[in-house]
Every structure is written in structure tokens, then in C-alpha cells.
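# Topology and contacts: notes
Listed below, chain by chain, are the residues.
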Amino acid sequence: MMNSSLGTSLLVLLIFATFAYCLDARLEACQPSGKIRGIKPPPGECNPENDSDCCKQGKMYTTYRCSPPVTGNTKAVLTLNSFQKGGDGGGPSECDNQYHSDDTPVVALSTGWYSGGDRCLNYITISANGKSVKAKVVDECDSTMGCDDEHDYQPPCPNNIIDASKAVWEALGIPEGDWGEYDITWSDA
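Right, let's walk through the structure included here. (Residues numbered from 1 in each chain as written. Predicted model: local features only at pLDDT ≥ 70, side-chain atom pairs only at ≥ 80, totals over all residues. Heavy atoms only, no water.)

### Some remarks on the overall build of the protein
The cut-off we apply is this: By definition, any uninterrupted DSSP run of H or I lasting at least four residues is a helix, any uninterrupted run of E lasting at least two residues is a strand, and each is numbered from the N terminus. With a 1.4 Å probe rolled over the protein chains alone, any residue whose accessible area is under 20% of its type maximum counts as buried; one over 50% counts as exposed, and the rest are partly exposed. Surface accessibility in these figures is a Shrake-Rupley result with a 1.4 Å probe; residues are shielded only by whichever protein chains are displayed.
If you tally the helices and strands in the protein, you get three helices and eight strands. Reading the helices (α) and strands (β) of the protein from amino to carboxyl end gives α-β-β-β-β-α-β-β-β-α-β. For the protein, buried positions account for 41% of its 189 residues. Put simply, the protein shows about 10700 Å² of open surface, and 52% of that area lies on carbon and sulfur atoms.

### Focus on the packing of aromatic side chains
What counts here: Think of it this way: a Phe, Tyr or Trp ring, Trp meaning its six-membered ring, pairs with another when their centres are within 6.5 Å, and the plane angle makes it stacked under 30 degrees, edge-to-face over 60, tilted otherwise.
Tallying each qualifying case throughout the model produces three aromatic pairs. Arranged with centres 5.2 Å apart and planes meeting at 65 degrees, the rings of Trp-113 and Trp-186 form a pair that is edge-to-face. Taken together, the residues span a long stretch of sequence, with Trp-113 in helix H2 (residues 111–114) and Trp-186 in strand E8 (residues 181–188) at a distance of 73 residues. Summarising the aromatic geometry, the rings of Trp-169 and Tyr-182 are spaced 6.3 Å apart at their centres and angled 75 degrees between planes, so their arrangement reads as edge-to-face. Remark: Tyr-182 occurs in strand E8 and Trp-169 occurs in helix H3 (residues 166–171); sequence separation between them is 13 residues. One aromatic cluster in this structure is built from Trp-169, Trp-179 and Tyr-182.

### Let's talk about the state of the cysteines
Which entries qualify depends on this criterion: Disulfides are defined as cysteine sulfur pairs within 2.5 Å.
This model, assessed by the stated rule, comprises five disulfides. With a sulfur-sulfur separation of 2.1 Å, Cys-46 is cross-linked through a disulfide to Cys-54. The disulfide joining Cys-46 to Cys-54 has a torsion of about -95 degrees about its S-S bond and is therefore left-handed. Comparing Cys-46 with Cys-54 shows no difference in burial state: the two are buried. Disulfide partner of Cys-55: Cys-147, at an S-S distance of 2.0 Å. The disulfide joining Cys-55 to Cys-147 has a torsion of about -90 degrees about its S-S bond and is therefore left-handed. Separated by 92 residues along the polypeptide, Cys-55 in the loop between strand E1 (34–37) and strand E2 (60–63) and Cys-147 in the loop between strand E6 (131–141) and strand E7 (161–164) bring together distant segments of the chain. By the burial criterion, Cys-55 is buried, and Cys-147 matches it. When the cysteines engaged in disulfides are numbered in sequence order, the protein pairs them as 1-5, 2-3, 4-9, 6-7, 8-10.

Just geometry here; none of it tells us what the structure is for.
Below you can see the structure in the form of C-alpha cells.
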């Protein structure tokens, strides 16, 4: 009886240690890489369309070079962006140096998921609200830099963002009153 109890205790301890190690490894897989101090944007230089944030003077913003691991069902936060000329996305898209209509399902991915452009012009599948949509990756949502002219004086992206056109939000059937940030899952198409 004592050997059985000792064996069970050791098994439970081994399972707990393995779980703790795996959890610790996943947490270490994507830690912040630094901080950026915000500066006040020059007048009219930050486009707050779609509730985009503008950098705040002196605020510290966390930066990342990585994103959580991609699985067949990766959790992310969907944000709203305009990839049109004059939209809050700033300049043309990184992947093709083009602007894209808000009526086209396109996205920008956080730096780690963008992977140096490896997903450029590929499609991903985004799921939420009981629906799915395929969207083309056309840009990076920079998690390493921000608060400067190149980034429209917006802060760095968090490391878990799918920044999407209005067409993506509409295809997912998300009520317009809920647009802004929405929990989703995604995978490579």
C-alpha cells in the first residue's frame, strides 16, 4: 500500500513538474524585448481613425520581437485598420507597396507572426463569432518600434494582433458597435 501511494505521489509530482516546465517554456517563448518612450506627435501627424492610439509624451511602451507560437487555432486580438490611402494604416502596405480598399479582406500581423515577410501575400483564416474568413497578409503591425513618423506616431503593436480591414470585420458578422478589439483565433490557410 505504501509503495502504491509513493508511486502515485511521484507520478503526480512528475506530471506537475512537466506541466510547469512546459508552461514556463511557453511563457519564455515570447518575452518583451524592450521599451520605447512616447513622444507627443506633431499637430495633425497621428491619424486616430478607427480609434487608433496616438503616442503619449513620456509613456513607456513595451516592444516585442516575437509573437506567441502559431498553432492550428492561435488566439489573437483583432483590431481595426484602414489600408486605404489616407487611412490610419499610414503608408502603403509593406508586402506589396500598395494601398488596399477597406472592402478587401486584408490584414497586418504583429512582428513575430509577420516573420520578416514570410507570410506576405499569403492567406490566413480568421475565426470568431461562429464564422470564418480568409484574409490576405499585406503588412506588418510593428511590435518593435513606434511613436515616430514612420509609424504615424502610433505606439508599437502588442505581440498578438491581427490588424484587419473593415471587410474582415463584416465577414465575421461582428456588430459595428463591437469593432475595435475582438478576441479571435487564426491559422495559416
